[in-house]
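Topology and contacts: notes
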Amino acid sequence: MSQEELWKQTKIIGIIGLGDMGMMYARRFTEAGWKVIGCDREENYPKLKEEIKDFQIVQNGHYVSRISDYIIYSVEAEHIDKIVAMYGPSTKLNAIVGGQTSCKYQEIRSFERHLPPDVEIISVHSLHGPKVDTTGQPLVIIQHRSSDESQQFVNLLMSCLKSKLVYLTCEEHDKITADTQAVTHAAFLSMGVAWHASNQYPWEVPKWIGGIENAKINISLRIYSNKWHVYAGLAITNPSAHAQILRYATSCSDLFTLMIQGKDKELRERIYTAKQKVFGHLGEKHQLLLDDNILQQFSLSKEPPEGKQPNSHLSLLAIVDSWSMLNIVPYDHMICSTPVFRTFLGVTEYLFCTPNLLDEALDCAITNTEFRHDDLEFIIAARNWSQIVSNGDFSGYKREFEKTQEFFKPMLPEANRLGNEMAKKILERAQ
Ligand SMILES: NC(=O)C1=CN([C@@H]2O[C@H](COP(=O)(O)OP(=O)(O)OC[C@H]3O[C@@H](n4cnc5c(N)ncnc54)[C@H](OP(=O)(O)O)[C@@H]3O)[C@@H](O)[C@H]2O)C=CC1
Ligand SMILES: O=C(O)C(=O)Cc1ccc(O)cc1
């Protein structure tokens, strides 16, 4: 019997938290022939027991912990400490424990604090949502406290997802994902709030028609179609994210100030310096992640595009400015890229590296006042998200997120569908 078959017969995989991600893992492991046992909150037990027939459901995390050889906590980041404190002491002797929360600082601290010393720690993080095809997507593995044999076991278990395994420390993971996730979400969340604040559905307004606008709209709505706690948790619990989101908000207001002061020369110098730092290393043969064809295909607008209008693209100028200020080269972060991040980098690269586009945006930023109101709302939103995150304000995050989510509700399913198709195309390019 092979090692794999032996492990499949003798090891039990436990999942605590059968929400979107936990359920996806439980199903995939079961389909691959592993024995899985799972639970959600105790009040959900009768319903889950009734619904789930392909793997075992138990009342709570104590029952999962005491018989499982590898336990994955797939719960809200905000509550991880409380939940590990509750079930951690019940962990089977010499078992391995990991988590799926999007920031590892808090999660690993909770494991260290509440797990018995014999228990090993190997954590995971799938860098995509629950409805995305796992094939080829990055899956971070953090071997924090374990033997190499346990690591081999986790590798084998995870191999059924066909993701791209990336091995990082907890600190490396959080530093990179602060950029690829937290700042990226702050930008798209701010776009949504700005459209809401000026009461416009962007796909209905001629000035938002055009390729780059399609990508911005689809991604922003895709984020608003998810659960608020996913984004709140990964930004608020990650200390690196606070400084990076603040830098982004500051870049937005610095650049806008140069625009309204008419400081053309300073604005161009600052942006071209940032361009050199972020994109300067790309050779002639570099193929852009996005092109006109991809960008035009994915529109929520029912009207055919009638030529694009120039836009200051403040949200994209500001991300390159903040990457430059923080000495971040985003291509180095591709190892931890999510579909949303790849799209953000894709549209930014398109703006900065397509001949003439950047100059058109800068001309518009200085001379055209049509976008000033939108840009102002965008800056207010970016600052507000930064403040909410720095204050660790989960309830403020929920309130702001759900207000804008409600505004976009009718269009979320269609935007999600288009966003998924677009993400698939971009992943093919990135690979
Ligand atoms: N969704 C995504 O795109 C991704 C999410 N993640 C991370 O994975 C984790 C799970 O996310 P996701 O599945 O989307 O979120 P969900 O809200 O869908 O799932 C979390 C589940 O945990 C349950 N839960 C809460 N407390 C307990 C408890 N004491 N015992 C057992 N179960 C409990 C929740 O129940 P209830 O709802 O009743 O509170 C819920 O069903 C989060 O930390 C998230 O940040 C990582 C990658 C991608
Ligand atoms: O692609 C994104 O950024 C998403 O929105 C999905 C997501 C959310 C949380 C994660 O920890 C990983 C992926």
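What counts as what
Residues numbered from 1 in each chain as written. Chains lettered and ligands numbered in written order. Predicted model: local features only at pLDDT ≥ 70, side-chain atom pairs only at ≥ 80, totals over all residues. Heavy atoms only, no water. UniProt positions renumbered as here; feature names shortened; annotations may be inferred. Near = heavy atom within 4 Å. Polar contact = N/O pair within 3.5 Å; in protein donor to acceptor, adjacent residues only side chain to side chain. Areas by Shrake-Rupley, 256 points an atom, 1.4 Å probe, with all protein chains shown as cover. 1 Å grid on protein atoms, 1.4 Å probe; cavity = no way out; pocket = protein on both sides within 12 Å on 5 of 7 lines; lining within 4 Å. Sits in = over half its atoms within 2 Å of the grid points. Helix = DSSP H or I, 4+ residues; strand = E, 2+ residues; numbered from the N terminus. Domains from an automatic or database assignment. Buried < 20%, exposed > 50% of the residue type's maximum accessible area, 1.4 Å probe, protein only. Pairing = 2+ DSSP bridges. Right-handed = clockwise from strand over helix to strand, strands pointing away. Axes fitted to C-alpha atoms, helices over the stretch in contact; angles between N-to-C directions. Parallel < 35°, antiparallel > 145°, perpendicular 65-115°, else oblique. Left-handed = near helix turned anticlockwise from the far one by under 90°. Contact = heavy atoms within 4.5 Å. Nonpolar A, V, L, I, M, F, W, Y, C, P; charged D, E, K, R; others polar. Expected span 1.5 Å × (residues − 1).

Going by what an unreviewed UniProt entry lists, the chain is known as Prephenate dehydrogenase [NADP(+)] and is assigned to Komagataella phaffii. Heading Pathway (unreviewed entry) of the UniProt record for the chain holds this comment: "Amino-acid biosynthesis; L-tyrosine biosynthesis; (4-hydroxyphenyl)pyruvate from prephenate (NADP(+) route): step 1/1."

Considering the site of ligand 1
For ligand 1, the set of nearby residues contains 27 residues, the closest of which are D40, R41, V75, K227 and H229. One nitrogen or oxygen atom from the main chain of V75 is found 2.7 Å from an oxygen atom belonging to ligand 1. Within the side chain of E76, a nitrogen or oxygen atom sits 3.1 Å from an oxygen atom of ligand 1. Taking 880 Å² as the accessible area of ligand 1 by itself, protein coverage stands at 89%. Because more than half of its atoms lie within 2 Å of the grid, ligand 1 is assigned to the largest pocket. Elements represented by at least two residues in the shell around ligand 1 include exactly α2 (20-31), α5 (80-87), β6 (120-126) and α10 (228-236). The dominant element in the shell around ligand 1, judged by the number of residues it contributes, is α5, at three residues.

Regarding the site of ligand 2
Close to ligand 2 lie 14 residues; S102, H125, Q181, H185 and Y231 are nearest. Between ligand 2 and S102, the relevant distance is 2.6 Å, taken from an oxygen atom to a side-chain nitrogen or oxygen of the residue. Separating an oxygen atom of ligand 2 from a side-chain N or O atom of Y231 is a distance of 2.8 Å. Relative to its unbound accessible area of 340 Å², ligand 2 is 94% covered by the protein chains. Because more than half of its atoms lie within 2 Å of the grid, ligand 2 is assigned to the largest pocket. Elements supplying a minimum of two residues to the shell around ligand 2: β6, α8 (170-197), α10 and α15 (339-353). No other element matches the three residues that α10 contributes to the shell around ligand 2. Both of domain 1 (3-167) and domain 2 (172-430) provide at least three residues apiece to the shell around ligand 2.

Remarks on the pairing of strand β5 (residues 96-99)
Alternating positions in β5 separate into two faces, I96 and G98 on one and V97 and G99 on the other, with burial throughout. Judged from the four bridges that link them, strand β4 (residues 70-73) and β5 form a sheet pairing that is parallel. Bridge pairing in β5 places I71 opposite V97. In this region the chain leaves β4, passes through α5 and returns to the parallel neighbour β5; the handedness of that crossover is right-handed. Looking at chain direction, β5 and β6 are connected through two bridges and run parallel. Looking at β6, one finds that I96 is bridged to E120. Regarding the hand of the β-α-β motif, the stretch spanning β5, helix α6 (residues 104-114) and β6 is right-handed.

Description of the side chain of D69
Along the chain, D69 turns up in the loop between α4 (61-67) and β4. At 2.8 Å, the side chain of D69 and the side chain of K92 are in polar contact.

As for the packing of α8 against α10
Running from amino to carboxyl end, α8 crosses α10 at an angle of 120°, the nearest separation of the two axes being 9 Å. Our classification of the angle between α8 and α10 gives oblique. Both α8 and α10 take part in a crossing whose hand is left-handed. Together, Q181, A182 and H185 of α8 and Y231, L234 and A235 of α10 make up the contact between the two elements. Here the residues of the contact of α8 with α10 sort into four nonpolar, two polar and no charged.

Quick word on helix α11 (residues 239-260)
One turn of the α-helix equals 3.6 residues, which is why residues spaced by three or four share an orientation. The end-to-end C-alpha distance of α11 is 33 Å, a good match for the 32 Å that 22 residues give at a rise of 1.5 Å each. Residue N238 occupies the N-cap position of α11, its side-chain oxygen lying 3.0 Å from the main-chain nitrogen of S240. Directly beyond the C-terminal end of α11, a positive phi value near 70° is found at G262.

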